[in-house]
Amino acid sequence: MQTFPPYESSVKPVQRGDLNVLRAIASNPSSFPEIVYFADDQVVTIYDAFPKSRFHLLLLPRQYIPEVSWLAPCHVGLLQHMIKVGTEIATFLTQQYLKSKEEQTFMLGFHAIPSLDQLHMHIISTDFVSPFLKTRKHWNSFHTDFFLPASYVLEELKAGRRLVPAKDREKYVNLLKRPLLCHRCKESFQNMKALKQHVSECRQLFVAKQADASQGIIDKYFIKLN
DNA sequence: GTTCTAGAAC
DNA sequence: GTTCTAGAAC
């Protein structure tokens, strides 16, 4: 198995408040050594400045691509590499830190409508216990179809389709307003405080629709929008 | 993306 | 009265 650096969750990133910082990091990662977790000639992986789970990294292509809706079939090779590296990192973190006590699951994917310029793939553990997880939008951006699993995005590109066409943008925005459901047991909660209390205690296993048991990594696959 | 905060919800 | 959400500003 490929090895990676220790996960230093205490690292305090510097990019807060700058909506264009990911583009700068992608083009010149050596200028941001304190937040870079791993880099190769095609991609850069950094610590999320406001992690929404115990483990939360962002994987960016070095090449400038604004967001997931810009991806086209010509990016299949790049996306395959992003998924390969993301899966290796998730596998490493799982074996290194999660052992058998916690859920050995990571989600790899994209927000349908991101807030930050420059394509970034989330690599996130599925505990979703974090002081930075505060709003309904935070929650639903990972637990509705607003979250586009990387494997789903790859399939769509291979089929010659684009993601998040303009006519669907309103649909995606509205997903963020949906009721708050526990991602494990699907129980509904009135507000974030109640949801977070429950999620910290819910012991039901996170069930995904598609699993690669040989890797121990589950790539959650949401129902497609009509 | 976050912070701040008015006013809605309780 | 306090908690919580959502929109403007950054």
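Now for a quick tour of the structure. Each chain carries its own residue numbering, running from 1 in the written order of its sequence. Written order determines the labels here, with chains lettered from A and ligands numbered from 1. Selection of residues for local features in this predicted model requires a pLDDT of at least 70, selection of side-chain atom pairs for listing and counting requires 80 or more, and totals for whole chains, interfaces and linings are taken over all residues. Remark: hydrogens and water are excluded; side-chain values derive from all non-hydrogen atoms of the structure.

1. A look at the protein's contact with DNA strand B
Rules: Residues are labelled near a given molecule or strand when at least one of their non-hydrogen atoms is within 4 Å of it. Under this definition, polar contacts are N or O atom pairs within 3.5 Å; protein pairs additionally need one hydrogen-donor-capable and one acceptor-capable atom, and for neighbouring residues in sequence, both atoms have to be side-chain atoms. For this scheme, ten residues count as nonpolar: Ala, Val, Leu, Ile, Met, Phe, Trp, Tyr, Cys and Pro. Four count as charged, namely Asp, Glu, Lys and Arg, and the remainder, Gly too, count as polar.
DNA strand B sits among Leu-19, Phe-50, Lys-52, His-111, Ser-115, Leu-116, Lys-134, Lys-137 and His-138. Of everything in DNA strand B that lies within 4 Å of the protein, sugar and phosphate atoms constitute 57%. A distance of 3.0 Å separates a phosphate oxygen of DNA strand B from a polar atom in the side chain of Lys-52. Note that a phosphate oxygen of DNA strand B is positioned 3.4 Å from one of the side-chain N or O atoms of Lys-134. Residues belonging to the surface near DNA strand B are distributed by class as follows: 3 nonpolar, 3 polar and 3 charged.

2. What about helix H6 (residues 192–199)?
To keep it simple, the criterion reads: Burial classification: accessible surface area is computed with a 1.4 Å probe over protein chains only, and a residue below 20% of its type maximum counts as buried, one above 50% as exposed, and the rest as partly exposed. Strands are runs of DSSP state E lasting at least 2 residues, helices are runs of H or I lasting at least 4, and numbering of each runs from the N terminus. Along the arc lie the directions from the helix axis toward the C-beta atoms. Only heavy atoms enter the contact rule, under which two residues are in contact if any of them lie within 4.5 Å.
Taken residue by residue, H6 has Met-192, Leu-195, His-198 and Val-199 as its buried positions. The buried residues of H6 all sit within an arc of 130° when viewed along its axis, so they share a single face. Residues of H6 that are buried make contact with helix H3 (136–143), strand S7 (180–181) and strand S8 (188–189). For H6, the N-terminal cap is Asn-191; the gap from its side-chain oxygen to the backbone nitrogen of Lys-193 is 3.2 Å.

3. A word on the environment of Pro-165
By the secondary structure assignment, Pro-165 is in the loop between helix H4 (150–158) and helix H5 (169–175). As a C-alpha pair, Pro-165 and Trp-70 span 95 residues in sequence and 9.5 Å in three-dimensional space.

By themselves, these are just geometric observations and shouldn't be taken as functional.
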